[in-house]
Amino acid sequence: MTLDDYIETHTSPADETLRFIEHDTAVNVLNPHMLSGAVQGRLLAFLSRMIQPKRILELGTFTGYSALCLAEGLTHDGRLITLEHNDELEDIIRRNLSLSPLGAQIDLNMGDALATLATMQDQRFDLCFIDADKREYSAYLDAVLPLMQPHGWILADNTLWDGHVIDPNYAKDKQTLGLRAFNNKVSEDERLEQVILPLRDGLTIIRLK
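A brief report on the enclosed structure follows. The residue numbers shown here count from 1 along each chain, following its written sequence. Per-residue local features are limited, in this predicted model, to residues with pLDDT of at least 70; the limit for side-chain atom pairs, both in listing and counting, is 80 or more; totals at the level of whole chains, interfaces and linings are taken over all residues. Here the side-chain values reflect all heavy atoms present in the structure, with hydrogen atoms and water set aside.

**Remarks on the pairing of strand β3 (residues 106–110)**
Item 1. Here, strands pair whenever DSSP counts at least two bridges between them. The helix and strand labels rest on DSSP assignments: H or I over at least four residues marks a helix, E over at least two residues marks a strand, and numbering proceeds from the N terminus. Sheet topology note: the strand β2 (residues 79–84)/β3 ladder contains 5 bridges and is parallel. Across the sheet, residue L83 finds its bridge partner in β3, namely N109.
Item 2. For a crossover, the right-handed case is the one in which the path from the first strand over the helix to the second runs clockwise, viewed with the strands pointing away from the viewer. For the crossover that starts at β2, traverses helix α5 (residues 90–98) and ends in the parallel β3, the hand is right-handed.

Put into structure tokens, the structure is as follows:
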């Protein structure tokens, strides 16, 4: 048994719908490792429950797993807006969201995230989860910050990128460079406070001061 196995064994299990989505993604979708997974999914749900957001924004839906986890913390009249650019996943996402009662509180928007965010200037969010194109993380942050409520929360996935952010062998890799720039940008912004958790591929928790 690995330490990761031990952690998962001693973490509350996901519900039947999430377990189905995880298995189906592993069997039928390319790059299934992009799914948040059981332990991170429970953390996303716990954080959302603690924040109790009325409005959640998600950049990068993949197959809908993380959206359903985050939606567990929504207020009874809350909404989650999730953005996904890969139109080949749309039917899978809509099916997966329909499997849970929480899916009724989730709005899926297909298309380029930055273009969609530019049309959302009149909207405000309590919680945002960034898990899309790593090369664009800094641009996402710039686009998302004006949409956040005072003292809102931003979660950013993959911010350690399997350790590549400190590996000189990845000095020319565009995704690694994007994440390094994002991490530096967050740490240098006096409006923000943050902590990076070494969970899976790195999860940064950001709070607007």
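**A few points about a negative patch on the surface**
Item 1. The grouping of D4, D5, E8 and E22 at the surface amounts to a negative patch.
Item 2. For the negative patch, the element with the most residues is helix α1 (residues 3–9), which contributes 3 residues.
Item 3. The residue D4 is located in helix α1 in this model.
Item 4. With relative accessibility at 57%, the residue D4 sits in the exposed group. Each patch is built from residues lacking any salt bridge and having more than 30% relative accessible area; the joining distance is 9 Å for like charges and 5 Å for nonpolar side chains (Val, Leu, Ile, Met, Phe, Trp, Tyr). Residue exposure ignores everything except the shown protein chains as possible cover, and the areas themselves are Shrake-Rupley values with a 1.4 Å probe. What counts as a salt bridge is simple: a side-chain nitrogen of Lys or Arg found within 4 Å of a carboxyl oxygen of Asp or Glu. We score Asp and Glu as negative and Lys and Arg as positive, and we do not count His or the chain ends. The location of each charge is read from NZ of Lys, CZ of Arg, CG of Asp or CD of Glu. Exposure is judged per residue with a 1.4 Å probe applied to protein chains only, and the accessible area is read against the type maximum: over 50% gives exposed, under 20% gives buried, and values in between give partly exposed.

**Re the pattern of salt bridges**
Item 1. For the coordinates displayed, the defined rule picks out 11 salt bridges.
Item 2. The shortest N-O distance in the salt bridge between D24 and R95 comes to 2.7 Å. Here D24, found in helix α2 (residues 16–28), pairs with R95, found in helix α5; they are 71 residues apart in sequence, far enough to count as distant.
Item 3. Of the residues examined, R95 reaches a relative accessible area of 33% and is grouped as partly exposed.
Item 4. Of the charged contacts in the structure, one is a salt bridge between D133 and R135, with a shortest N-O distance of 3.0 Å.
Item 5. Residue classification places D133 among the partly exposed positions, given a relative accessible area of 25%.
Item 6. In the salt-bridge network here, residues are joined through shared partners; they are R42, R49 and E72.

**Some remarks on the layout of surface pockets**
Item 1. If you add up the space inside the largest pocket, you get close to 880 Å³.
Item 2. Going through the elements one at a time, β2 and α6 (113–117) are the ones with two or more residues in the lining of the largest pocket.
Item 3. In the scheme used here, Gly and all other residues not listed as nonpolar or charged are polar, with Ala, Val, Leu, Ile, Met, Phe, Trp, Tyr, Cys and Pro taken as nonpolar and Asp, Glu, Lys and Arg as charged. For the lining of the largest pocket, a count of residues per class yields 13 nonpolar, 10 polar and 11 charged.
Item 4. Roughly 240 Å³ of internal volume is contained in the second largest pocket.
Item 5. Of all elements in the fold, only α1 and α3 (38–51) reach the threshold of two or more residues within the lining of the second largest pocket.
Item 6. Among the residues forming the lining of the second largest pocket, the class breakdown is 4 nonpolar, 3 polar and 4 charged. Note on definitions: the grid is 1 Å and covers protein atoms alone; a cavity is a set of points where a 1.4 Å probe fits but cannot get out; a pocket is an open set with protein on both sides within 12 Å along at least five of seven lines; lining residues have an atom within 4 Å of a point. Grid points are joined across faces, edges and corners, and a volume is the space filled by probe spheres set on the points.

**Topic: the packing of aromatic side chains**
Item 1. Think of it this way: a Phe, Tyr or Trp ring, Trp meaning its six-membered ring, pairs with another when their centres are within 6.5 Å, and the plane angle makes it stacked under 30 degrees, edge-to-face over 60, tilted otherwise. Taken as a whole and assessed by the stated rule, the structure comprises 2 aromatic pairs.
Item 2. With centroids separated by 6.2 Å and ring planes inclined at 50 degrees, the aromatic side chains of Y137 and Y140 adopt a geometry described as tilted. Pair noted here: Y137 and Y140 are both in helix α7 (residues 137–144), with a separation of 3 residues, about one helical turn. In this structure, Y137 and Y140 share a single accessibility class: buried.
Item 3. Measuring from ring centre to ring centre gives 5.2 Å for Y137 and F182, while their planes differ by 80 degrees; the resulting arrangement is edge-to-face. With Y137 in helix α7 and F182 in helix α8 (residues 174–188), this pair connects stretches of sequence that are 45 residues apart. For the pair formed by Y137 and F182, the shared burial category is buried.
Item 4. By the ring-pair criterion, three or more aromatic residues cluster together here, those being Y137, Y140 and F182.

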